[in-house]
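# Remarks on the overall topology
The primary structure of each chain is shown beneath.
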Amino acid sequence: MASLYAALLAALATAAWRPGTPAPALGALAVTAGACTPPLGPTVRALWGEVIEDKRVLQRAYSLDGIAEEILFVSGPLLVGAVVQFALPAAALALCALLVWTGTLAFVLSPAVAGVRPAVTKPVARSRHRFRDGRALLQPVVVAAGVGLSVGAVDLLVMAYATRHHHGNDVVAWVLAALSLGSALGGILNGAVDWRTPARVRLPPLAGCLGLALAAAGLAPGLGTLTVAVACAGFFVAPALTTSYLIADEAAPPGRRTQAGAWVNTAVNAGSAGGTAGAGLLVGHLPLGLCFALSGTVGVAAGLLSVRQAGPRPPGARGTARPAPDGPQSHSGPHARSSSHHG
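Residues numbered from 1 in each chain as written. Predicted model: local features only at pLDDT ≥ 70, side-chain atom pairs only at ≥ 80, totals over all residues. Heavy atoms only, no water.

## Describing the environment of Ala7
Test applied: The helix and strand labels rest on DSSP assignments: H or I over at least four residues marks a helix, E over at least two residues marks a strand, and numbering proceeds from the N terminus. Burial status follows relative accessibility: with a 1.4 Å probe on protein chains alone, a residue under 20% of its type maximum counts as buried, one over 50% as exposed, and anything between as partly exposed.
With respect to the element layout, Ala7 can be found in helix 1 (residues 2–17). Its relative accessible area of 44% is what places Ala7 among the partly exposed residues. When the C-alpha positions of Ala7 and Trp101 are compared, they lie 9.2 Å apart, and in sequence the two are 94 residues distant.

Written as structure tokens, this is what we have:
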């Protein structure tokens, strides 16, 4: 998948470099490339769950993973911007293709991946390993989608704010960098705290606080206030997503970790795309403050909808009683265990 994705990105770079390429052709290449994106996020998080048995350490690993993503969201555009200054934009896209391919290759060849093997079970046992209650994933998926919608709208709203207040486009990057910086700080704190409150109880307030901070950003009288408000909203992004992945990990039966994590990951991506599209439709017809309020309302609504799922873990989740599967399961490598995690 990584090879195909890199090849399609290179094709997109070539098509974008050629003058007169129709926009529908570029869009088709972009959609096809996106459909072939390797599922690195779910797979990496599934691997964390396989090699780490201590739940507190797993929380720190997920937080570190989220912090690394936020750093990349800040440094990636800056790197591409630097490349664009000295080369064609198509060259920057080709560089991204190379980075994706080499990074994926390094991951799949790492000793940690080589030390983990999938569970081998009989067909009857595999059927028992399916999610016993789909509602077990409902809370993290709903919150992840809400976070994605809210944050996806912010990019376009900040750009509209800069345009309407006659700021240069360069300030947009700094405001969005503040969002990522706030998220990284929130991820550090979330990973450092030894939480006594269950993850399902922590998740709704995280989504609600994110939404309230975004709604308050719409009242910002100036660029500095907007930057602070957006950074405060970002403070809850990484903890909310990290907690969502932890809940999905707990709900996943053996052999379904990557699947559970992929649901959360897909919800974030789909929400982000929907948030950007929705903001694009509304920003030209509604006051900007109201658009910020609507994006924040999505986060609050996701938190409220997930409150009902904040009770005890559903039957079949790891850590609760469950019938033993038919047939042996084999895992090899250090820290091998019979249960498996989401992605």
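## Here we look at the confidence of the model for the chain
Low pLDDT means the predicted atomic positions in that stretch should not be read closely. Heads up, the rule is: Confidence of the predictor at the level of single residues is captured by pLDDT, which takes values from 0 to 100. Whether two residues are in contact is decided by their heavy atoms, any of which lying within 4.5 Å being enough.
Mean pLDDT over the chain: 78, with 79% of residues reaching 70 or higher. Confidence drops under a pLDDT of 50 for residues 314–343, and excluding neighbours within four residues, the segment shows 112 contacts in the predicted structure.

## What about the packing of helix 8 (residues 138–164) against helix 13 (residues 257–282)?
Threshold: Every axis corresponds to a line fitted to the C-alpha atoms, with the helix fit spanning only the stretch in contact, and the corresponding angles, defined between N-to-C directions, vary from 0 to 180 degrees. Left-handed is the label given to a crossing in which the near helix is rotated counterclockwise from the far helix by less than a right angle, and right-handed is the label when the rotation is clockwise. Polar here means any residue outside two lists: the nonpolar Ala, Val, Leu, Ile, Met, Phe, Trp, Tyr, Cys and Pro, and the charged Asp, Glu, Lys and Arg; Gly therefore counts as polar.
It is at 6 Å that the axes of helix 8 and helix 13 come closest, and there the two elements cross at 35 degrees. Crossing of helix 8 over helix 13 shows right-handed handedness. Here Pro140, Val141, Ala144, Ala145, Gly148, Leu149, Gly152, Ala153, Leu156 and Leu157 of helix 8 come into contact with helix 13, specifically with Trp263, Val264, Ala267, Val268, Gly271, Ser272, Gly274, Gly275, Thr276, Ala279 and Gly280. In terms of residue class, the contact of helix 8 with helix 13 is made up of 13 nonpolar, eight polar and no charged.

## Observations concerning the packing of helix 8 against helix 12 (residues 237–251)
Formally: Roughly parallel means an angle under 35 degrees; roughly antiparallel, over 145; roughly perpendicular, 65 to 115; everything else is oblique.
One way to put it is that helix 8 packs onto helix 12 with a least axis distance of 9 Å and a crossing angle of 155 degrees. Our classification of the angle between helix 8 and helix 12 gives roughly antiparallel. Two packed elements cross with a definite hand, and for helix 8 against helix 12 that hand is left-handed. Contacts from Gln139, Pro140, Val143, Ala144, Val147 and Val151 in helix 8 reach Val237, Ala240, Leu241, Ser244, Ile247 and Ala248 in helix 12.

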